[in-house]
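Tertiary structure, described
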Amino acid sequence: MTVRPKAMISWSSGKDSAFSLHEVRRAGEIDVVGALTTVTENFGRVSIHGVREEILRAQLDAAGLPATVVPIPYSCPNEVYEARMGEAIAQAKAQGITHMIFGDLFLEDIRKYREETLRGTGVTPVFPLWLRPTPQLARDMIANGLETYIATVDLKKMPAAFAGRCFDQRLLDELPASVDPCGENGEFHTCVVGGPMFSKSLPVVPGERVQRDGYAYCDLLLTAPAAGRARAD
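Residues numbered from 1 in each chain as written. Predicted model: local features only at pLDDT ≥ 70, side-chain atom pairs only at ≥ 80, totals over all residues. Heavy atoms only, no water.

Observations regarding the packing of aromatic side chains
For any pair of aromatic rings, the description consists of the separation of the ring centres together with the inter-plane angle of the planes. Quick reminder of the rule: Put simply, two rings from Phe, Tyr or Trp (the six-membered ring, in Trp's case) pair if the centres are within 6.5 Å, and we call them stacked under 30 degrees between planes, edge-to-face over 60, tilted for the rest. Elements are defined by DSSP. Helices are runs of H or I of four residues or more, strands are runs of E of two residues or more, and each kind is numbered from the N terminus. The buried label applies to any residue whose accessible area, calculated with a 1.4 Å probe on protein chains only, is under 20% of its type's maximum; exposed applies above 50%, and partly exposed to all values in between.
Applying the stated criterion across every chain, the model contains six aromatic pairs. Aromatic pair Trp11 and Phe198: ring centres 6.3 Å apart, planes at 45 degrees, arrangement tilted. With Trp11 in the loop between strand S1 (6-10) and helix H1 (15-27) and Phe198 in the loop between strand S8 (188-194) and strand S9 (200-201), this residue pair connects regions lying 187 residues apart in the sequence. Exposure remark for Trp11: the relative accessible area of 2% places this residue in the buried category. A relative accessible area of 4% means that Phe198 is categorised as buried. The rings of Phe102, Phe127 and Trp130 are connected pair by pair, giving a single aromatic cluster.

Looking at the packing of H1 against helix H5 (residues 134-143)
Formally: Interaxial angle, 0 to 180 degrees, is taken between N-to-C directions of lines fitted to C-alpha atoms, where a helix line uses only the stretch in contact. By the definition adopted for this analysis, an angle is roughly parallel if under 35 degrees, roughly antiparallel if over 145, roughly perpendicular if from 65 to 115, and oblique otherwise. Whether two residues are in contact is decided by their heavy atoms, any of which lying within 4.5 Å being enough. Three categories are distinguished: nonpolar for Ala, Val, Leu, Ile, Met, Phe, Trp, Tyr, Cys and Pro, charged for Asp, Glu, Lys and Arg, and polar for the others, with Gly belonging to the last.
Between H1 and H5, whose axes approach to 11 Å, the crossing angle comes to 70 degrees. Here H1 is positioned roughly perpendicular relative to H5, judged by the angle of their axes. Contacts from Lys15, Asp16 and Phe19 of H1 reach H5 at Leu137, Asp140 and Met141. Looking at the contact of H1 with H5 residue by residue, the class counts come to three nonpolar, no polar and three charged.

Focus on the environment of Ala94
Relative to the elements of secondary structure, Ala94 occurs in helix H3 (residues 78-94). We classify Ala94 as exposed; its relative accessible area is 70%. Residues Ala94 and Gly122, spaced 28 residues apart in sequence, show a C-alpha to C-alpha distance of 10.0 Å.

Examining the side chain of Thr37
Along the chain, the position of Thr37 falls in strand S2 (residues 31-40). Other than its neighbours up to four places away in sequence, Thr37 contacts Trp11, Val46, Leu56, Thr68, Val69 and Val70.

Some remarks on the pairing of S2
Stated precisely, the cut-off is as follows: Should DSSP find at least two bridges between two strands, the strands are regarded as paired. By convention, orient the strands away from the viewer: a clockwise path from the first strand over the helix to the second makes the crossover right-handed.
Among the 10 residues in S2, eight count as buried, and that is most of the element. In terms of strand pairing, S1 meets S2 through five bridges, oriented parallel. Bridge assignment links Ile9 to a residue of S2, and that residue is Ala35. Handedness of the crossover joining S1 and S2 through H1 is recorded here as right-handed.

Let's talk about the state of the cysteines
Definition in use: In what follows, a disulfide is any cysteine sulfur pair within 2.5 Å.
Evaluated as defined, the whole model comprises zero disulfides. No disulfide involves Cys191; its sulfur sits 9.7 Å from the nearest other cysteine sulfur, which is in Cys218. Note on Cys191: relative accessible area 0%, which makes it buried.

So this is what it looks like as structure tokens:
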């Protein structure tokens, strides 16, 4: 039997990392054995997405992935971010990890940054969704059963009312024409609560919507931490 290379996935809590996990598992060439996530320690929430850490851990439990949480401060200086991520990557490499999976779609500068950061570490970046046309990719995610909420909206690009909405065909139809269907330009960020990469759907409901620092956040709430709706498949 061929031994598959071991990988961690850079897990944002959103649809792109979730669908990347699904695609890698479907291909079967890499063994995904863990997930790496930055959490803003001041708030106990996934960085940028604003998702509560308890939802993050429920996601990874449903995905069957051990969590590696990297705490970073609010308004994290880049040197602090890179130092803490470097420690996490070194620990992963020591545990036999040879690949890191990212959900990036088409931003060349982000991909270049990932590649440069990992150069010389012995860990190879993998981009399963790279350059897939985002209008079709968004529809594919929905067709494959991803259950997703909009967690964060950039108010310079979208109205606050989109925060907390389900990522579905109706939402795609109503997005402003200037917004990428997958939000790859930072227009919005998401939180996945169900899909083929999970053993069960998470009982998450939208809570209060707040605005801060030019963004609208929907406070997604896990209503029953130990429970969830089992997937039929």
